[in-house]
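Breakdown of the fold
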Amino acid sequence: MNYPIEFSLEDIIAQELPMTLALNESEGKTNQDLLDLFRFPQSQQSEMPFYVLRTDNAASIAEICEQTYDAMCWAIEWLAENREAVPNYYGADFCKKYPAFIDYAFWTYANNHEALYGRFDLALDPHTEQVTGIYEFNGDTPVMLFESTGLQHAFTQQVNAQTGHAYDEWNAYFPEAVEALDKVCRLSRTGQQSIGVALHADFVEDMATSETMFHLFDSHDKLYPMIDHINALDFDELWETSPFLLNEQEVSHLFVLQPWEEMVESAYDDIISRWQHWGEKVRFFEPAWRWLMSNKGIWALISDLLDTESEFREQYGHLPFLKSSLSSETFQQSGMDYVSKPLMGRLSNNITIIQQGETTYASDGMYKDEPLLFQEYCAPGQVEGRHNFIAGMWMAPIGQERAPLVMQAASLCIREFDQPVLNISNERFIPHLLRHE
């Protein structure tokens, strides 16, 4: 369904992303990447497409994501009791080279270092509006949060104002996350906290998401957030309270939109391997244990748990998991279509689709020598007359004093793309509306 919208790029940047603009210019870049980021809504103002779903189906999607998140936590707890299995699923060379990081990751899980966000990527049948497959969980570097929350809400309000309808939206990430900040940042025990948001300027999508998180922190009167380029982040172990400093200001919490494996590879000897000296003093968003969810090896582990652990199968066997393995043999012998993807791949790099024994698609990238996950192929959805799409669900922490690592499915998002596999250069945010039936 299409509706006209009002979209002023200048107002959006000035009101919502001024720091992204300033940092972009400080890097000597033009603003073309900012223009490209919002080119689609800018060009579709007369006829913006919306995906319209039934409210009860959106609730079903949310329930599946919450149960899947619980299943992933179950898998991590199984790994904590079977640590010898970690290299089998997560990359033997990496685990062998960086054992202190693996210890730190499990320590952050055991000590309830809470996460702030994360996004499931899902295949959705456009006719039944049901989840047909769970692709993966982006647990430490997901982007498009600003579009999925701020733009989504603005567009829904515009449609309702124009039409007189009372469309709803599945979009509660911000109020839920704000409510949970006291608990997530331990403010009841520690008082005011300083939070550093350290970002890379390589991708404007990263900058926009980092600034969105800065605004989340800034909404709380007991949080003192700072934002700057990752190069402004220093480490000085002699500082008594926190060894991490952003622009020479110590921080008790750090939001860094960078994959944990990259941080480990660049700072293992000097910082990560010495985590026992600073682990109690500073918390990361996202915490190190989220690497155990973001690494695609967890989907092979889940497939194995479904086969070998009756308790796990009874609780989670009804979920639409895609068969996954660290070997392609099962798929080749059965003739099943499948996909290969790097365990620690990002940005849809080095993904290969094999259908009827033939490669039908292969993306380039920087992970060609990395170990692979092999996963049952599940085609993206497609509405007649439109492009491929996948659904996403943003997870938010829960403010009440429940199990600290439980999360709720807070904001639904839709992304369209032209190729067989979505990537950051061809994806477009498409807003949704909920109808009550």
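Note that the structure is a prediction, hence the values are computed from the model and not measured.

In this section: the overall build of the protein chain. Secondary structure assignment for the protein chain yields 18 helices and 22 strands. For the protein chain, the C-alpha radius of gyration of 21 Å lies close to 22 Å, the compact-globule estimate for 437 residues. Referenced to the eigenvectors of the C-alpha coordinate spread, the extents of the protein chain come out at roughly 60 × 55 × 45 Å. For the protein chain, the residues scored as buried account for 58% of the 437 residues in total. Of the contacts formed within the protein chain by residues at least 6 apart in sequence, a portion of 74% connects residues at least 24 apart. Just so you have it, the protein chain exposes about 18500 Å², and 46% of that area is on carbon and sulfur atoms.

With that settled, the discussion passes to the environment of Leu145. Within the secondary structure, Leu145 is located in helix H9 (residues 145–163). Overall, Leu145 belongs to the buried group, its relative accessible area being 0%. For the pair Leu145 and Leu34, spaced 111 residues apart in the sequence, the C-alpha separation amounts to 15 Å. Beyond its immediate sequence surroundings of up to four residues, Leu145 is in contact with Tyr117, Tyr173, Thr209, Thr212, Met213 and Trp394.

Of the voids in this model, the largest pocket is the one considered here, and its volume is about 1000 Å³. Taken together, 47 residues line the largest pocket, and the ones lying closest to its centre are Glu136, Asn138, Arg346, Leu347 and Ser348. Looking at the lining of the largest pocket residue by residue, the classes come out as 24 nonpolar, 11 polar and 12 charged.

In this section: the sheet that holds strand S7 (residues 223–229). Judged by pairing direction, the sheet is parallel, and its 4 strands sit side by side in the order S7-S6-S11-S12 without closing on themselves. Two strands close off the open sheet at either side, each with one partner strand: S7 and strand S12 (283–285). The sheet shows a mean angle of 20° between the axes of neighbouring strands, direction not considered. Where strand S6 (residues 193–199) lies against S7, 7 bridges are found, and the strand directions are parallel. The partner of Gly196 across the bridge, within S7, is Met226. Helix H12 (residues 204–218) rests against S6, S7, strand S11 (253–256) and S12 of the sheet, and its axis sits at about 165° to S7.

Turning to the sheet that holds strand S14 (residues 338–342), a few remarks are in order. Spatially, 5 strands are ordered S13-S17-S14-S15-S16 in an open sheet, and the strand pairing comes out antiparallel. Here the strands that pair on one side only, and so sit at the sheet edges, are strand S13 (324–325) and strand S16 (358–362). Pairing of S14 with strand S17 (residues 372–376), which is carried by 5 bridges, proceeds in the antiparallel orientation. Among the inter-strand pairings, Ser340 is bridged to a residue of S17, identified as Phe374.

Every α-helix carries 3.6 residues per turn, so stepping three or four residues along brings you back to the same face. Of all the residues in helix H2 (residues 18–26), the buried ones are Thr20, Leu23 and Asn24. Mapping the buried residues of H2 onto a view down its axis gives an arc of 105°, with all of them on the same face. Against helix H3 (32–37), S6, H12 and S7 lie the buried residues of H2.

For Thr128, the location among the structural elements is in the loop between strand S4 (119–124) and strand S5 (131–138). Judged by relative accessible area, Thr128 falls into the partly exposed class, the value being 42%. Along the chain, Thr128 and Ala100 lie 28 residues apart, while their C-alpha atoms are 46 Å from each other.

This next bit is on H9. Along its 19 residues, H9 runs 27 Å from first to last C-alpha, staying within 8% of the 27 Å computed at 1.5 Å per residue. Maximal helix bending in H9 amounts to about 30°, located at Leu151. Among the residues of H9, those classed as buried are Leu145, Phe146, Glu147, Ser148, Thr149, Leu151, Gln152, Phe155, Thr156, Gln158, Val159 and Asn160. Remark: Gly164 follows H9 within two positions and exhibits a positive phi of approximately 80°.

Our focus in this paragraph is the packing of H2 against H12. Contact geometry for H2 and H12: axes closest at 8 Å, N-to-C directions at 140°. Taken together, H2 and H12 sit at an angle that is classed as oblique. Judged by the sense of rotation from one axis to the other, the crossing of H2 with H12 is right-handed. When H2 is examined against H12, the residues Pro18, Met19, Thr20, Leu23 and Asn24 are found in contact with a partner set consisting of Val204, Met207, Ala208, Glu211 and Phe214. Here the contact of H2 with H12 is built from residues that sort into 7 nonpolar, 2 polar and 1 charged.

Scoring rules and cut-offs
- All residue numbers here refer to positions counted from 1 along the written sequence of the relevant chain.
- Confidence filtering applies because this is a predicted model: local features only for residues at pLDDT of at least 70, side-chain atom pairs given and counted only at 80 or more, and all residues used for totals across whole chains, interfaces and linings.
- In computing side-chain values, all of the structure's heavy atoms are included and hydrogens and water are not.
- Under the DSSP-based scheme used, a helix requires at least four consecutive residues in state H or I and a strand at least two consecutive residues in state E, with every element numbered from the N terminus.
- Atoms counted for the radius of gyration: C-alpha only. Globule rule: 2.2 Å times the number of residues to the power 0.38.
- Throughout this description, buried means an accessible area under 20% of the type-specific maximum (1.4 Å probe, protein chains only), exposed means over 50%, and partly exposed covers the range between.
- Contact criterion: two residues are considered in contact whenever any of their non-hydrogen atoms come within 4.5 Å of each other.
- For the accessible areas, the method is Shrake-Rupley and the probe is 1.4 Å, while residue cover comes only from the protein chains on display.
- Here a cavity means grid points, on a 1 Å grid over the protein atoms only, where a 1.4 Å probe fits yet cannot get out; a pocket means an open set of points with protein on both sides within 12 Å along at least five of seven lines; lining residues are those with an atom within 4 Å of a point.
- Grid points are joined across faces, edges and corners, and a volume is the space filled by probe spheres set on the points.
- Classification used: nonpolar for Ala, Val, Leu, Ile, Met, Phe, Trp, Tyr, Cys and Pro, charged for Asp, Glu, Lys and Arg, polar for all others including Gly.
- For two strands to pair, DSSP has to find at least two bridges joining them.
- Note on method: axes are straight lines fitted to C-alpha atoms, helices fitted across the in-contact stretch only, with angles between N-to-C directions ranging 0 to 180 degrees.
- The arc in question is formed by the directions pointing from the helix axis toward the C-beta atoms.
- The span one expects for a helix is its residue count, reduced by one, times 1.5 Å.
- Throughout, bend refers to the angle between the axes fitted to the seven residues that end at a position and the seven residues that start at it.
- Any angle that falls under 35 degrees is termed roughly parallel, while one over 145 is termed roughly antiparallel, one within 65 to 115 roughly perpendicular, and all others oblique.
- What makes a crossing left-handed is the near helix being turned counterclockwise from the far one by less than a right angle; a clockwise turn instead makes it right-handed.

Interpretation in functional terms is not warranted from these geometric data alone.
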